[in-house]
Amino acid sequence: MLADSLLTRLRDALGDDRVLTSDEDVADRRHDYWVLSHLQAWRGTFDDRPGAVVRPRSTADVQAVVRLAAETGTAVVPFGLGSGVCGGIRPDQGMLLADLSSMDRIRNIDDVNLVASFDAGANGLVAEEAVAERGLTIGHWPQSIALSTVGGWVSTRAAGQFSTAYGNIEDMVYALEVVLPDGTLVELGRAPRAAAGPDLRHIFLGAEGTFGIITGVTLALHRQPEARTWRAFHTPSLAAGLDAQRRIMQAGWKPPVMRQYDAREARRSFKPWSTKGQGMLLMAHEGPAVRVDAEVAAVDDLAASCELTRADDEVGPHWMENRNHVPSWEEFFEQGLVVDTIEVSGPWTAVEAIYDAVLADVGALNGVVAVSAHSSHAYRTGVNLYFTFASAGDAADLEAAYLACWHAVMEATARHGGGVAHHHGIGRVRRPYLVHDLGEAGVDLLRALRGAVDPQGIMNPGNLIPDA
């Protein structure tokens, strides 16, 4: 429980209406969108809540909150809009939750230098629409764009659905404003590129609130594309589609959307256009019209050389219209199912083995009724895989089944040389497996950095960093 004296000082600093303590007022900030938190809440076995929710309106307010927390040794959990899916938000009654959603200003849009600055709590879709009015785009389109914040994108090291051309969030961040765990404000990033020592912005990219609170973000922008064309191809095998993607990327073409669905997912997602037993490769080409024309012609030739055949290009607009429509977790629970998605990545030479091993290992688990995958982000050096699984059983057994599926995916990915996290972050669900990507020495280094920046360990404890 939080001390009354701390709550009084917080109200004095922020105002009475900015410090919420009742069960009703904090109920929608008890956790993020992690399946396990929702399953436990649905079963009535999760009753944690923050001791108080504070709602700062400015960077100075955040500094005031963090200084009081540091003085009293109180843990602080930064919160945007709660769209994270890995368990990054699980405060208890001894913790403060700092809800940044009131910090939602569009600070500046510069259409000469092509940068825009936002409060960290700015809604992602609102930010995109603001720059779109000036003929610009951020180019970052996560599935959660209308449910996430600009600061949340940075904190989770997010990737958007158009990333193959526009890059992931780390490719877009120009500058960051961060409140450190002692209340100090740092501003990092002053030029298009710098050699001023290590890039300190990357300490906070993907840190999930464990190194400080991001309060402001400046992103590099793009001009809106002149033209867009969709292409879809049937893939006779997973290998054929992956080979086509590899050759497209290594030839220097960059369709911003390049998604390959295995036969199961092609049938499920694009049934009117799918061919039994075949997968599907979907691409969007956009940019200057002359480049789009050249890219489409080259990619068509490459696809044909890999024995891919044209599908109906209406698949693209259909995906675009429906890409963010997903049922709630509770709808699955009520059917006796637990469902989740897990994104990993690997080099081209490992990705088929990862796919085969995950499907075999997860498919062999008791209760699993479906497991499939698609790729959604491609690079010259490799590609990601985005697995979906569903397990059926009694409500009391779903949690164990869920964790078993996650364990199987993480271990199979690591065993075959892949990376266990592509763009959803670490949170609590992946924390035991972070060692696969960083190694023991890397995890020790991460702990050492955390100890230097936050010696009291007050920033989002229990998240991201494995226990010693």
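Report follows, based on the coordinates. Note on numbering: residues in each chain are counted from 1, in written sequence order. Where totals are concerned, whole chains, interfaces and linings use all residues; where local detail is concerned, this predicted model gives features only for residues with pLDDT of at least 70, and gives and counts side-chain atom pairs only at 80 or more. To get the side-chain values, all heavy atoms of the structure are used, and hydrogens and water are removed first.

1. Re the overall build of the protein chain
A tally of regular secondary structure across the protein chain gives 16 helices and 18 strands. As defined in this context, the radius of gyration uses C-alpha atoms, and a globule is described by 2.2 Å times the residue total to the power 0.38. Computed over C-alpha atoms, the radius of gyration of the protein chain comes to 23 Å, within 12% of the 23 Å expected from 2.2 N^0.38 for 468 residues, which places it in the range of a compact globule. By principal-axis analysis of the C-alpha atoms, the protein chain measures approximately 70 × 60 × 40 Å. Buried positions account for 54% of the 468 residues belonging to the protein chain. Across the protein chain, the fraction of contacts at a sequence separation of at least 24, relative to all contacts at a separation of at least 6, is 73%. His is not counted here, nor are the chain ends, while Lys and Arg score as positive and Asp and Glu score as negative. To locate a charge, take NZ of a lysine, CZ of an arginine, CG of an aspartate or CD of a glutamate. Separation of charge centres in the protein chain, based on 40 positive and 60 negative side chains, amounts to 3 Å. Working definition: helices are DSSP H or I runs of at least four residues, strands are E runs of at least two. Numbering for both runs from the N terminus. Burial status follows relative accessibility: with a 1.4 Å probe on protein chains alone, a residue under 20% of its type maximum counts as buried, one over 50% as exposed, and anything between as partly exposed. Contact definition: two residues touch when any of their heavy atoms are within 4.5 Å.

2. Description of the environment of alanine 401
Mapped onto the fold, alanine 401 is located in helix α15 (residues 398-415). For alanine 401, a relative accessible area of 14% corresponds to the buried category. Sequence spacing of alanine 401 and valine 257 is 144 residues, and the spatial spacing of their C-alpha atoms is 33 Å.

3. A look at the packing of helix α3 (residues 35-43) against α15
Here the axes come from fitting lines to C-alpha atoms, over the contacting stretch only for helices, and the angles between their N-to-C directions go from 0 to 180 degrees. Between α3 and α15, the least distance of the axes is 10 Å, while the angle of their chain directions is 175 degrees. By the criterion of interaxial angle, the relationship of α3 to α15 is roughly antiparallel. Across from Val35, Leu36, Leu39, Gln40 and Arg43 in α3, the residues of α15 making contact are Leu398, Glu399, Tyr402 and Leu403. Residues are sorted three ways: Asp, Glu, Lys and Arg are charged, Ala, Val, Leu, Ile, Met, Phe, Trp, Tyr, Cys and Pro are nonpolar, and all the rest, Gly among them, are polar. Classifying every residue of the contact of α3 with α15 gives six nonpolar, one polar and two charged. Throughout, the term roughly parallel applies to angles under 35 degrees, roughly antiparallel to angles over 145, roughly perpendicular to angles from 65 to 115, and oblique to all others.

4. A short note on the nonpolar core
What we call a nonpolar core is a set of buried Ala, Val, Leu, Ile, Met, Phe, Trp, Tyr and Cys residues that are connected through their side-chain atoms within 4.5 Å. Core analysis: the biggest nonpolar cluster contains 56 residues, and Leu308, Val344, Val362, Phe387, Tyr402, Val409 and Met410 have the highest contact counts within it. Here leucine 308 is in contact with Phe233, His234, Thr235, Pro236, Ala240, Gly241, Ala244, Leu281 and Ala303, once residues within four sequence places are set aside. One finds Ile138, Ala207, Val257 and Phe270 within the second-largest nonpolar core, a separate group that totals 50 residues.

5. Overview of the sheet that holds strand β6 (residues 115-119)
Strand order in the open sheet made by the five strands is β5-β6-β10-β8-β9, with antiparallel pairing throughout. Of all strands in the sheet, those with a lone pairing partner are β5 (106-110) and β9 (185-188), marking the two edges. The mean inter-strand angle of the sheet, taken between neighbouring strand axes irrespective of direction, is 10 degrees. Only when DSSP finds a minimum of two bridges between them are two strands counted as paired. Judged from the four bridges that link them, strand β8 (residues 173-179) and β9 form a sheet pairing that is antiparallel. When the bridges of β9 are listed, valine 179 appears paired with leucine 185. Sheet strands touched by helix α4 (residues 59-72): β5, β8, β9 and β10 (213-220). Its angle to β8, the strand with the most contacts, is close to 45 degrees. Sitting on the sheet, helix α5 (residues 124-132) touches β5 and β6, and the angle it makes with β5 is about 35 degrees.

6. Some thoughts on the sheet that holds strand β16 (residues 337-347)
The strand order β15-β12-β14-β13-β17-β18-β16 describes an open sheet built from seven strands, whose pairing is antiparallel. The open sheet has two edge strands, β15 (309-310) and β16, and neither has a second partner. Summarising the sheet, strand β13 (residues 257-261) and strand β17 (residues 368-375) pair through two bridges and their orientation is antiparallel. If you follow tyrosine 261 over to β17, its bridge partner there is histidine 374. Against the sheet, helix α9 (residues 238-250) contacts β12 (227-235), β13, β14 (279-287), β17 and β18 (382-392), and its axis sits at roughly 165 degrees relative to β13.

7. Thoughts on the pairing of β13
Of all five residues in β13, five are buried; the element is thus mostly enclosed. Residue alternation in β13 divides its side chains into two sets, Val257, Arg259 and Tyr261 and Met258 and Gln260, and both sets are buried. When β13 meets β14, the two strands line up antiparallel, connected through five bridges. Bridge assignment links valine 257 to a residue of β14, and that residue is alanine 284.

8. Examining helix α11 (residues 289-305)
What a helix should span is 1.5 Å times the count of its residues minus one. Taking 1.5 Å per residue as the helical rise, α11 with its 17 residues ought to reach 24 Å, and the 25 Å between its terminal C-alpha atoms agrees with that figure. Taken together, the buried positions of α11 are Val292, Glu295, Val296, Ala298, Val299, Asp300, Leu302 and Ala303. Structurally, α11 contributes buried residues whose contacts are with β12, α9, β14 and β15.

9. So, the environment of glutamine 161
If you trace the backbone, glutamine 161 turns up in the loop between α6 (150-155) and α7 (163-166). On a C-alpha basis, the gap between glutamine 161 and glutamine 143 in space is 7.2 Å, while along the polypeptide they are 18 residues apart. Looking at glutamine 161, its side chain comes within polar contact range of the side chain of arginine 323, at 2.8 Å. Polar contact is defined as a pair of N or O atoms within 3.5 Å, subject to the rule that within protein one atom must be able to donate a hydrogen and the other to accept it, and that residues adjacent in sequence are counted only when both atoms are side-chain atoms.

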